[in-house]
Amino acid sequence: MDIHEYQAKELLATQGIRMPRGGLAYSPEQAAYRAAEIGGEAWVVKAQIHSGARGKAGGIILCRSEKEVEEAAEKLLGRKLVTHQTGPSGKLVNRLYIEETVDIEREIYLGFVLDRKFERIMIVASSQGGMEIEEIAEKEPDSLVRCVVDPGVGMLEFQAREIAFGLGLEGKLIGKAVQTILGCYRVFRDYDAGMLEINPLVVARDDIFALDCKMSFDENAIFRRPEISELRDKSQEDPRETFASDRGLSYVGLDGNIGCIINGAGLAMATMDMIKIAGGDPANFLDIGGGASPERVAKSFRAVLQDEKVEVILVNIFAGINRCDWVAEGVVKALQEVGVNVPLVVRLSGTKVEEGKAILAQKAPDVIVADTLKEAAEHAVAEWKKSGKAAA
Ligand code: GDP
Ligand code: MN
């Protein structure tokens, strides 16, 4: 789960991390008011969306009067901002963060991630801030400083000092960087974050400031962090994925027309490949998991049908822990309750397959039953082509 820059900065502020003064605005009028409240002669108006690279996309505007702040807000609010991270449909700007400007002397990159290989929190820093980390890794790999934290003892001060030295900081700035790095570490650890990135962290006025901050959290731990789940902004998420995740389904939205309901992530990947080979495009990835009840199967149909692009549904179940008869009951339940108005292809295999097929034959005669994955994908693509929209 991602949060906005201003929310991440509020979390950092609780650990004493320094940052420019700022305030939130939902309207141009409020933006101008915030600028007056902050004071000074120049401000940055920053679009709050769940994406980085806003600067290059026109989402960060430098202003030299309250009138300019108001105009910048007018321009950004209600607009969809397309960055190279948002995909072509972009993300809606419905709030702005107004900040005092800072005269930047140096830009630093500071990132914390949960490294899956080490199973530890890893810190990556670079004296070449401002660029994105991928670009730094490509163009200035020697500038990268890394540090892995032992979870038994936590991050130690000497590690933060090593990072500060590695960044080439001197004098008073070393102590300030150490406080910043340790503060970030505490925020990261205490809230079960998966990623925390300050880019840029800047040197200015003999001090260190977080000018930007991106943060995301481990969704498996959100249940125990109500103060974080409260920060969720569903307007920034794919509505199809929100619908599914609210119901405990593992779903990823894609761009095609064939809706997929499958048990197991590996089988889902294989099915998507098979659809591609048959000449079609999957609309989603949906893994119903093991031991799925008829209710869960019916819920999956609801999630898949949230997507208006779906023209065919393909159910592919290889039942080990699952039971084909339960899945078949789920299909019947979905047909009765959800109103499935697109062709439906079902492939069942494994535990209770004969019972499952008998239920479908008896209660859902319109369902196209396939015996193999290949056949199922071919039927699904053929149905999609029949729907006529494939040619368009
Ligand atoms: P991002 O593009 O989404 O990563 O947004 P950032 O908050 O990082 O802003 C983009 C860039 O704008 C930064 O890398 C800075 O170079 C610049 N910027 C942001 N705030 C200020 C500021 O107060 N003063 C100056 N001089 N530049 C700023
Ligand atoms: Mn940035």
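What counts as what
- Residues numbered from 1 in each chain as written.
- Chains lettered and ligands numbered in written order.
- Predicted model: local features only at pLDDT ≥ 70, side-chain atom pairs only at ≥ 80, totals over all residues.
- Heavy atoms only, no water.
- UniProt positions renumbered as here; feature names shortened; annotations may be inferred.
- Near = heavy atom within 4 Å.
- Polar contact = N/O pair within 3.5 Å; in protein donor to acceptor, adjacent residues only side chain to side chain.
- Areas by Shrake-Rupley, 256 points an atom, 1.4 Å probe, with all protein chains shown as cover.
- Patch = residues over 30% accessible without salt bridge, like charges linked within 9 Å, V, L, I, M, F, W, Y side chains within 5 Å.
- Salt bridge = Lys/Arg side-chain N within 4 Å of Asp/Glu carboxyl O.
- Helix = DSSP H or I, 4+ residues; strand = E, 2+ residues; numbered from the N terminus.
- Buried < 20%, exposed > 50% of the residue type's maximum accessible area, 1.4 Å probe, protein only.
- Arc of directions from axis to C-beta.
- Contact = heavy atoms within 4.5 Å.
- Donors = N, O, S within 2.8 Å, 3.2 Å for Na, K, Ca; no water.

Looking at an unreviewed UniProt entry, one finds the protein chain named Succinate--CoA ligase [ADP-forming] subunit beta and attributed to Litorisediminicola beolgyonensis. Per its UniProt entry, the protein chain bears the Sequence similarities (unreviewed entry) comment "Belongs to the succinate/malate CoA ligase beta subunit family." Quoted verbatim from the Pathway (unreviewed entry) heading of the UniProt record, the comment on the protein chain is "Carbohydrate metabolism; tricarboxylic acid cycle; succinate from succinyl-CoA (ligase route): step 1/1."

A word on the site of ligand 1
Close to ligand 1 lie 16 residues, the nearest being K46, R54, G55, V102 and E107. In the model, an oxygen atom of ligand 1 is placed 2.7 Å from a nitrogen or oxygen of the K46 side chain. In the model, an oxygen atom of ligand 1 is placed 3.0 Å from a nitrogen or oxygen of the D212 side chain. The protein chains hide 76% of the 570 Å² of surface that ligand 1 would expose on its own.

Some thoughts on a nonpolar patch on the surface
Residues V153, L156 and F158 make up a contiguous nonpolar surface patch of about 280 Å² in total accessible area. In this fold, F158 is placed in helix α5 (residues 157-166). Using a relative accessible area of 47% as the deciding quantity, one classes F158 as partly exposed.

A word on helix α3 (residues 66-76)
Three or more residues of α3 are buried, namely V69, A72, A73 and L76. Down the axis of α3, the buried side of the element spans an arc of 100°, and every buried residue falls inside it. Away from its buried face, by an angle of more than 90 degrees, α3 presents the exposed residues K67, E74 and K75. Here the buried face of α3 lies against α2 (28-38), β3 (43-47), β4 (60-63) and β7 (96-100). With its phi angle positive at about 80°, G78 sits one or two positions after the end of α3.

Some remarks on the UniProt feature "binding site: ATP" (unreviewed entry) in the protein chain
UniProt's entry tags K46, E99, V102 and E107 with the feature "binding site: ATP" (unreviewed entry), counted in the numbering of this structure. Apart from the residues within four sequence positions on either side, V102 is in contact with P20, V202, A204, R205 and L211. Turning to its location among the elements, E107 is positioned in strand β8 (residues 106-115).

A few points about the coordination of the manganese ion (ligand 2)
Every protein donor of the manganese ion (ligand 2) is listed here as N199 (O) and D212 (OD), and their distances to the metal cover 2.2 Å. Note that N199 is positioned in strand β11 (residues 193-204) and D212 in the loop between β12 (207-210) and β13 (214-217), a separation of 13 residues in sequence. Take N199 and D212: they sit in the same class, and that class is buried.

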